[in-house]
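Listed here are the chains, written in short residue letters.
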Amino acid sequence: LLLCIWQPASKKYVVKIFKVLDVNHSGKLTKEEFGEVMKVLYSQVFMRIVLQWSFTLMLVPLISTCVIKYTVMLYSMLHESTKNSHDNLDPMQRLLCKLWAAFLYATPQSIDKINGLAWNAVPKEILKHMPFTILTFAQTSIALPYLLDIVEDFFMQEAEIKVVKYERGLKLKEG
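So, here's what we can say about the structure. Computed from a prediction, not measured in an experiment: that's the story for all the values here.

## Topic: the overall build of the protein
Okay, step 1: Across its full length, the protein carries six helices and zero strands.
Okay, step 2: Helices (α) and strands (β) of the protein occur, in sequence order from the N terminus, as α-α-α-α-α-α.
Okay, step 3: Counting over 175 residues, the protein shows a buried share of 18%.
Okay, step 4: Of all intrachain contacts in the protein linking residues separated by at least 6 positions in sequence, the fraction that spans at least 24 positions is 66%.
Okay, step 5: For the protein, the accessible surface area stands at approximately 13300 Å², while carbon and sulfur atoms represent 70% of it.

Okay, structure coming up:
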């Protein structure tokens, strides 16, 4: 999915821009029409690159850091306010223990051994950074392509506006 972000506009999109900006409907672009097409396409590529880099380098880390920070803060507040003095577990930890016990009861011992080996094999440093990695992946694979689709739609609308302005200018000259 991330590879398509770096690819140029699709042939279908470019042909549509060519047709929209062929204001005299000749099927061929004049030098001026071709110049307008290039302005639209280069502007769109430039905007995609700017959005890609600013989103990837600034927004994604900021959003991920804030989500993790406030989630940890909320969890800590919940933990302190609902801690049971008898077992020192908050309700979330107690629920996770019950779920884990049910999982262990329902699975064969061989799966439990494999799971234990896998859990111990993963370095704790990797587990520490996992929430940030998952949030970053979600933002760059879902939000960023959506944002780039909006950019393409914006430039298509700009091309259509240029055609309308051109046609109005022709009508004024004729009238």
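## Let's talk about the nonpolar core
Okay, step 1: Core analysis: the largest hydrophobic core is formed by 13 residues, its most contacted members being Tyr13, Ile17, Leu21, Val40 and Ala159.
Okay, step 2: For this core, the secondary structure elements donating two or more residues are α2 (11-21), α3 (31-82) and α6 (124-174).
Okay, step 3: Considering every element that reaches this core, the biggest residue donor is α6, with five residues.
Okay, step 4: The contact partners of tyrosine 13, leaving out residues within four places of it in the chain, are Leu41, Gln44, Glu152, Phe155 and Met156.

## Re the packing of aromatic side chains
Okay, step 1: Within the structure shown, the criterion is met by two aromatic pairs.
Okay, step 2: Where phenylalanine 18 meets phenylalanine 34, the ring centres are 6.4 Å apart and the plane angle is 70 degrees; that geometry is what we call edge-to-face. In this pair, phenylalanine 18 sits in helix α2 while phenylalanine 34 sits in helix α3, placing the two residues 16 residues apart along the sequence.
Okay, step 3: Note on phenylalanine 34: relative accessible area 41%, which makes it partly exposed.

## What to know about the pattern of salt bridges
Okay, step 1: One pass over the full model with this rule turns up three salt bridges.
Okay, step 2: Sharing partners across several salt bridges, the network here consists of Glu36, Lys39 and Lys162.

The rules behind each value
- Residues numbered from 1 in each chain as written.
- Predicted model: local features only at pLDDT ≥ 70, side-chain atom pairs only at ≥ 80, totals over all residues.
- Heavy atoms only, no water.
- Helix = DSSP H or I, 4+ residues; strand = E, 2+ residues; numbered from the N terminus.
- Buried < 20%, exposed > 50% of the residue type's maximum accessible area, 1.4 Å probe, protein only.
- Contact = heavy atoms within 4.5 Å.
- Areas by Shrake-Rupley, 256 points an atom, 1.4 Å probe, with all protein chains shown as cover.
- Core = buried A, V, L, I, M, F, W, Y, C linked by side-chain atoms within 4.5 Å.
- Phe/Tyr/Trp six-rings, centres within 6.5 Å; stacked < 30°, edge-to-face > 60°.
- Salt bridge = Lys/Arg side-chain N within 4 Å of Asp/Glu carboxyl O.

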